[in-house]
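# Chain and residue survey
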Amino acid sequence: MQCAECRALVDAYLDAALPEGERAAVREHLAGCAECARELAALGRASSLAQEHLVHYRAPDVLKARIASAIAGERAEPAAGLSSPTARSRRWWPLVAAGVLIALASSGLTYAVLRGAGGTAQTVADEVLASHIRSLMPGHLTDVQSTNEHNVKPWFNGRLDLSPAVPALDSAGFPLVGGRLDYVDGRVVAVVVYGRRQHLINVYSWPEQGSNEDEATTSARGYHMVHWRSGNVEYWVVSDLESGELAKFVALYRQADKAGGRTERRP
Ligand SMILES: [Zn+2]
């Protein structure tokens, strides 16, 4: 067997999907060819890495958002960080792993397994609510955790084409918790997180062309959602906070958004 033939079969060999005759031929070639053996080992590592990570994620959209965030973070790193060759090679592997994960997350099979049966298209409201509920699971709430708006607002720079408003509302009883990137309606979106006693408030925003829309409040599964569109930015605020208190929060946030820490579309 030649190397090219071996390389063509090594995927199937790894998956134990070859008939015994071909399997034996590949095994024999691998025993005598260090290069093809290395190829097999690399594939095996990538595959087990992917499996290890996939069981930790609940859904492909969160997975993709985390990967997008990681890649955006890489791009946002200052160029000086690339000067050391070891730093460069360390950076390289997570991107390869991310590529493998994207491929797996995008495959119909993984999608069906993670999504469960059903598979009907979700509305944006459903997606925002699902994202809010996911964010309440340990480790999912914030990518940057800080009660200081001067730490949270700059964190979004270079990660998104929108810089969300991050007003300080702690004097009104709504302390800042942090921020994160999430994945809604087929795009990566900004989420700013506030607290109110034991309740959490997620403020989603992303650029969206279209005329302004007035505030509309809906409720589902014990959560209230407030939606509006203003200045080509789409907003969703979600919480299990009592609806009167949530309305108060929204009024304060919008006021501050207009006054100063304005949400701006970045070029
Ligand atoms: Zn070979």
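A brief report on the enclosed structure follows. (Residues numbered from 1 in each chain as written. Predicted model: local features only at pLDDT ≥ 70, side-chain atom pairs only at ≥ 80, totals over all residues. Heavy atoms only, no water.)

Moving on, we get to helix α2 (residues 20-32). End to end, α2 covers 19 Å across 13 residues, agreeing with the expected 18 Å (1.5 Å per residue, within 8%). V26, H29 and L30 are the residues of α2 that are buried. Projected down its long axis, α2 carries its buried residues within an arc of 100 degrees, all on one side. Turned more than 90 degrees from where α2 packs its buried face, E20, G21, E28, A31 and G32 sit exposed. (Helix = DSSP H or I, 4+ residues; strand = E, 2+ residues; numbered from the N terminus. Expected span 1.5 Å × (residues − 1). Buried < 20%, exposed > 50% of the residue type's maximum accessible area, 1.4 Å probe, protein only. Arc of directions from axis to C-beta.)

Now for empty space enclosed by the protein. Here the structure, examined in full by the defined rule, presents two cavities of 30 Å³ or more. Of the pockets and cavities examined, the second largest cavity occupies roughly 30 Å³. Taken together, L160, D161, L162, V188, V189, A190, S205, W206 and P207 make up the lining of the second largest cavity. Going through the elements one at a time, β4 (187-196) and β5 (199-207) are the ones with two or more residues in the lining of the second largest cavity. The residue makeup of the lining of the second largest cavity, split by class, is seven nonpolar, one polar and one charged. (1 Å grid on protein atoms, 1.4 Å probe; cavity = no way out; pocket = protein on both sides within 12 Å on 5 of 7 lines; lining within 4 Å. Points joined across faces, edges and corners; volume = space filled by probe spheres on them. Nonpolar A, V, L, I, M, F, W, Y, C, P; charged D, E, K, R; others polar.)

Turning next to the sheet that holds strand β8 (residues 233-239). Hydrogen bonding along the main chain pairs the strands of a sheet, whether they run parallel or antiparallel. If you walk across this open sheet you meet the seven strands as β1-β3-β4-β5-β8-β7-β6, and the pairing is antiparallel. Pairing within the sheet leaves two strands with one partner each, and these edge strands are β1 (144-145) and β6 (213-220). Strand direction decides the pairing type here: strand β3 (residues 176-184) and β4, joined by eight bridges, are antiparallel. Residue pairing in the sheet places G178 in a bridge with V193 of β4. Strands β3, β5, β6, β7 (223-230) and β8 of the sheet are contacted by helix α7 (residues 124-135), whose axis makes an angle of about 130 degrees with β3. (Pairing = 2+ DSSP bridges. Contact = heavy atoms within 4.5 Å. Axes fitted to C-alpha atoms, helices over the stretch in contact; angles between N-to-C directions.)

Within β5, eight of the nine residues are buried, leaving the element largely enclosed by the surrounding structure. As judged from the seven bridges shared by β4 and β5, these two strands associate in the antiparallel manner. Counted as the bridge partner of G195 is L200 from β5. Here β4 hands over to β5 after two residues, with R197 in that stretch at a positive phi of 50 degrees. Sheet topology note: the β5/β8 ladder contains seven bridges and is antiparallel. Within the sheet, the bridge partner assigned to W206 lies in β8 and is E234.

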